[in-house]
Amino acid sequence: MEMGRSGRYNALMRLNDFLRSKFSCPVALFAFAACVGTACCSLTALGQGALPTASAEDRALAKAIFKEMIEINTTDTPLGNVTTATTAMQKRFIDAGFAAEDVHLLGPDPRKMNLVVRIKAGGTPIAKPVVFLCHIDVVEALRADWSTDPFQFVEKDGYYYGRGTQDMKDSDAALVATFLRLHREGYKPKRDLVLALTADEEGGKFNGADWLVKEHRDLVDAAYVINPDSGGVELDHGRAVVADVEATEKVYSDYQVTAFDRGGHSSIPRPDNAIYELTTALNKLAVYVFPFEMNEVTRTYFKNLAGQETGQAAADMRAILATPPDLAAAARLSAEPSFNSNFRTTCVATRLSGGHANNALAQTAQANVNCRIFPGHSPEEIRQVLAGVFGDDKLTVKYVSDAGDVADTAPDRKAMVPPAPIKEVFEPLTKLTQTIWPGTPVTAVMENGASDSIYFAQAGIPCYGYSAIALERDDDRAHGQDERLPVESYWKSLDFFYSFSKAVGGG
């Protein structure tokens, strides 16, 4: 969830107000449920039942699991170790009576072991499994930057503090607790339920989701994947205003752009200059605009948003939905950065260095260009576009991996194509969301960040991002200082995952 809580919030609030003015209840903004009249009200009816809540004992266990996870450093640093955390969770499952054959600890590196846990169907499975995908690694946090120790689980003022409380050990812990509870209660689903706790989503050389899909597809093969690393409920001063479900996402990609020169004495300057070569190229990038694009998710979003806008904005939104789209309208809308990012690939220079001495001509100048690639395009395709934009054979444009490795070419992988909405996912998701947060519309979004969903999507497995975590739209602290989670949000997500797991399990 790297982008968009505040920007997307304003547009969705206007849309929500419009829907409320037209219908007696909020609308789920998916193709299967772009409902009006009777269909809309049936969703409200679904949300009227009581939701099973965790007992005091279940909450105590879920809190203990959350605490244990937070206090294990799982950063990709010499002090971090993912395997310490996955081994601790493996012990919990084995001690609870899970069969050893259903608890797999495996990975390509001793410090980056993944855990895959399965609750088997009670009989012959009626369908392929459902996978809950949760990375267990976190980004680095420095004690000097925090008011608390980032690797201590601290409860104060109605919040849990600690690195990973938002991203994403909250969902990791809630799902571990849910699987343990289902097992203790003797729950027998009609299809297998699988929980994968994986390494290196935040960076590193041993991405667990990618490795599992490629090396142990049998353990994580599924009808679809639920990834709580994205999506969730946006709050405005405690009031739930919208529930985001990620249906697709952009691809994150970094490029190293370098200019080389023979250098020399600064008292004898020449027209050829590495710094000038590089800055000329970056100035070209600054004015370059990638082509306008839309997909099923963004079209649905703007179609609904256009219905409550007025004047030029409404006309422009309708115009971009035409065939062919009105590019002048797209250009006007693109003046809003959050809209622009939903229309195209974006690339921007984020770091710059050059030269080696104040009194010498630079021999090298280098920049990092960060791109967020629209679904359907690969990092290698965009690398070649950048080289064409720069139009300078004195420059090199190389790909930088998440692990920091630099290569002449980039991967051919493309972003996840928006999967068709599956009724068995969105019907209970909407019902439970309405039960916990009455009146909250559910909407599909395209995240401008990235997650491990892409590895499953590329393998042909649909992925949907939803965490059931409610956060204030201006309190997104993932990757930042004093990361924290409202205590009440944790309990609500725990209740959601228990009921949702049973709903998709079908038992």
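Report follows, based on the coordinates. (Residues numbered from 1 in each chain as written. Predicted model: local features only at pLDDT ≥ 70, side-chain atom pairs only at ≥ 80, totals over all residues. Heavy atoms only, no water.)

1. Quick notes on the state of the cysteines
- Counted by the stated rule, this structure contains one disulfide.
- The disulfide partner of C347 is C371, and the gap between their sulfur atoms is 2.0 Å. Between C347 and C371, the S-S dihedral sits near 115°, and the bridge is therefore right-handed. With a gap of 24 residues between them, C347 in strand 12 (residues 346-354) and C371 in strand 14 (residues 364-373) connect regions that are remote in the sequence.
- Assessed through its relative accessible area of 15%, C347 is described here as buried. (Disulfide = S-S within 2.5 Å. Helix = DSSP H or I, 4+ residues; strand = E, 2+ residues; numbered from the N terminus. Buried < 20%, exposed > 50% of the residue type's maximum accessible area, 1.4 Å probe, protein only.)

2. Remarks on helix 8 (residues 274-287)
- In a regular helix each residue adds 1.5 Å, so 14 residues correspond to 20 Å; helix 8 covers 21 Å between its end C-alpha atoms and thus fits that length.
- Among the residues of helix 8, A274, E277, L278, A281, L282 and L285 are the ones counted as buried. Buried residues in helix 8, looked at end-on, bunch into an arc of 125°, giving them a common side. What points out from helix 8, more than 90 degrees from its buried face, is the exposed set Y276, N283, A286 and V287. (Expected span 1.5 Å × (residues − 1). Arc of directions from axis to C-beta.)

3. Let's talk about the nonpolar core
- F93 and F132 are the most contacted members of the largest nonpolar core, which totals 68 residues.
- Sort the elements by how many residues they give to this core and helix 16 (residues 487-505) lands first, with nine residues.
- Beyond its immediate sequence surroundings of up to four residues, F132 is in contact with L175, F179, V194, L195, A196, I226, F497, F500, S501 and V504.
- Ranked by size, the runner-up nonpolar core spans 44 residues in total, among them L106, A209, V213 and L395. (Core = buried A, V, L, I, M, F, W, Y, C linked by side-chain atoms within 4.5 Å. Contact = heavy atoms within 4.5 Å.)

4. As for the packing of helix 3 (residues 56-70) against helix 5 (residues 169-184)
- Running from N to C, helix 3 and helix 5 cross one another at 140°; their axes reach a closest spacing of 9 Å. Relative to helix 5, the element helix 3 lies oblique. For the crossing formed where helix 3 meets helix 5, the hand is right-handed. In this structure, helix 3 uses D58, L61, A62, I65, F66, M69 and I70 to contact helix 5, whose residues at the interface are K169, D170, D172, A173, V176, A177, L180, R181 and R184.
- Its residues placed into classes, the contact of helix 3 with helix 5 shows ten nonpolar, no polar and six charged. (Axes fitted to C-alpha atoms, helices over the stretch in contact; angles between N-to-C directions. Parallel < 35°, antiparallel > 145°, perpendicular 65-115°, else oblique. Left-handed = near helix turned anticlockwise from the far one by under 90°. Nonpolar A, V, L, I, M, F, W, Y, C, P; charged D, E, K, R; others polar.)

5. Quick look at the pattern of salt bridges
- Across all of its chains, the model carries 27 salt bridges by this definition.
- The shortest N-O distance in the salt bridge between D221 and R217 comes to 2.9 Å.
- Taking the relative accessible area as the measure of exposure, R217 reaches 31% and is therefore partly exposed.
- Across the pair R270 and D272 runs a salt bridge, and its minimum N-O distance is 3.1 Å.
- Three or more residues are tied together by salt bridges with common partners; here these are D58, R181, R184 and E185. (Salt bridge = Lys/Arg side-chain N within 4 Å of Asp/Glu carboxyl O.)

6. Brief notes about the environment of V445
- By secondary structure assignment, the location of V445 is in strand 17 (residues 442-447).
- Look at V445 and you get buried, because its relative accessible area is 3%.

7. Looking at the packing of aromatic side chains
- Throughout the structure, instances matching the rule amount to 20 aromatic pairs.
- On the basis of an interplanar angle of 90° and a centroid distance of 6.5 Å, the ring pair of F132 and F497 is categorised as edge-to-face. Taken together, the positions of F132 in strand 3 (residues 130-135) and F497 in helix 16 put the pair 365 residues apart, joining distant regions of the chain. Grouping residues by exposure puts F132 and F497 together as buried. (Phe/Tyr/Trp six-rings, centres within 6.5 Å; stacked < 30°, edge-to-face > 60°.)

8. Brief notes about the packing of helix 5 against helix 16
- With their axes 9 Å apart at the nearest point, helix 5 and helix 16 run at an angle of 50° to one another. Taken together, the axis directions place helix 5 and helix 16 in an arrangement best described as oblique. Helix 5 and helix 16 meet at a crossing whose hand is right-handed. Every residue of helix 16 that contacts helix 5 at D170, S171, A173, A174, L175, A177, T178, R181 and L182 is listed here: Y490, S493, L494, F497, Y498, S501 and K502.
- Residue classes in the contact of helix 5 with helix 16 are distributed as nine nonpolar, four polar and three charged.

9. So, the sheet that holds strand 4 (residues 154-156)
- Strand order in the open sheet formed by three strands is 4-5-20, and the pairing between neighbours is antiparallel. Each edge of the open sheet is held by one strand with a lone partner, namely strand 4 and strand 20 (484-486). Adjacent strand axes in the sheet meet at a mean angle of 25°, parallel and antiparallel pairs treated alike.
- In the sheet, strand 5 (residues 159-161) pairs with strand 20 via three bridges, with the strands oriented antiparallel. Residue Y159 lies in a different strand from strand 20, and its bridge partner there is P486. (Pairing = 2+ DSSP bridges.)

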